[in-house]
Amino acid sequence: MSPFRFVVPLLIAFGLPGAAYGQASKNGTPPDKRIEVPKLEKKGVWQPTADGKQIPLWSADFPLLKPDTGDEAEGTGNGSPLVGGRKWHWASYITRPTMTIYKPKWQNTGATMLVLPGGGFYAVATDLEGTEICDWVVTKGMTCVMLKYRTPQV
C-alpha cells in the first residue's frame, strides 16, 4: 500500500486550518478589516513599463459613440483599499482599449497567455491582476498580452 494514501489526507487536514489561521496580516489586523488609504488619481492614459509594447485595438480616427453617462478623460491612480498590504494601480474611464505585449527576454517557448485584469466595473487593475502576472509569465518563456478593456463612465 502506498504511503501517499495516508500522507495526502494528513497534509490536507492540517494544512487547510493552518493556512486559514495564518491569514492575519503582519501588523496584526484581522483579514476582514479593510485598511483605507488616500486615493491618488490623475487624468492620463495608462502607460506600460519599458518592457511592454502597447498597441491600440482601434485606430485613433475610428469613431466611437460617447458613453451615456459622460465623456470623462481616461485616468490612472492608486490607493484604497490596500490589497495584500499594498496599494494597487488602476486605469479608469477607458474608451480606447489597448493590448500590451510583453515578450520573454531569453528562451521563447512559442506560447502566449492573454491576461484580462479585473478590478471591478469602473477600473482595470493594471498591476495587481495584469503586469505582475505578465512579469511572471515571461520568466517562463511565454509571451504575455494584457488587455486594457473599456470601462463604463461613472
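Everything discussed here concerns the structure shown above.
Worth saying up front: this structure is predicted, and the values here are computed from it rather than measured. (Residues numbered from 1 in each chain as written. Predicted model: local features only at pLDDT ≥ 70, side-chain atom pairs only at ≥ 80, totals over all residues. Heavy atoms only, no water.)

> For the sheet that holds strand β4 (residues 86–92), give the residues involved together with the corresponding values.
Judged by pairing direction, the sheet is antiparallel, and its 4 strands sit side by side in the order β1-β3-β4-β7 without closing on themselves. The open sheet terminates on both sides in strands that have one partner only, identified here as β1 (40–43) and β7 (123–125). Ignoring strand direction, the axes of neighbouring strands in this sheet form an average angle of 30°. Across 6 bridges, strand β3 (residues 75–83) lies against β4 in antiparallel orientation. The residue of β4 that forms the bridge with glycine 77 is tryptophan 90. Contacts between helix α2 (residues 127–139) and the sheet are confined to β3, β4 and β7, with β4 contributing the most and set at about 95° to the helix. (Pairing = 2+ DSSP bridges. Helix = DSSP H or I, 4+ residues; strand = E, 2+ residues; numbered from the N terminus. Axes fitted to C-alpha atoms, helices over the stretch in contact; angles between N-to-C directions. Contact = heavy atoms within 4.5 Å.)

> Please set out unusual backbone geometry residue by residue, giving values where relevant.
The phi torsion at tyrosine 93 lies on the positive side, around 55°, for a residue other than glycine. The topology assignment puts tyrosine 93 in the loop between β4 and β5 (98–102). You can call tyrosine 93 buried: its relative accessible area is 15%. (Buried < 20%, exposed > 50% of the residue type's maximum accessible area, 1.4 Å probe, protein only.)

> Report on a nonpolar patch on the surface, specifying residues and quantitative values.
A cluster of nonpolar residues, Leu57, Trp58 and Phe62, forms a patch on the protein surface that exposes about 270 Å² of accessible area. Secondary-structure assignment places phenylalanine 62 in the loop between β2 (52–56) and β3. By relative accessible area, which is 40% here, phenylalanine 62 ends up partly exposed. (Patch = residues over 30% accessible without salt bridge, like charges linked within 9 Å, V, L, I, M, F, W, Y side chains within 5 Å. Areas by Shrake-Rupley, 256 points an atom, 1.4 Å probe, with all protein chains shown as cover. Salt bridge = Lys/Arg side-chain N within 4 Å of Asp/Glu carboxyl O.)

> Quick rundown of the side chain of asparagine 78? Include the residues and the values.
With respect to the helices, strands and loops of the structure, asparagine 78 is situated in strand β3. Within the structure, asparagine 78 has its side chain in polar contact with the side chain of histidine 89 (distance 3.2 Å). Setting aside residues no more than four positions away along its own chain, asparagine 78 makes contact with Pro38, Lys39, Leu40, Lys87, Trp88, His89 and Trp90. (Polar contact = N/O pair within 3.5 Å; in protein donor to acceptor, adjacent residues only side chain to side chain.)

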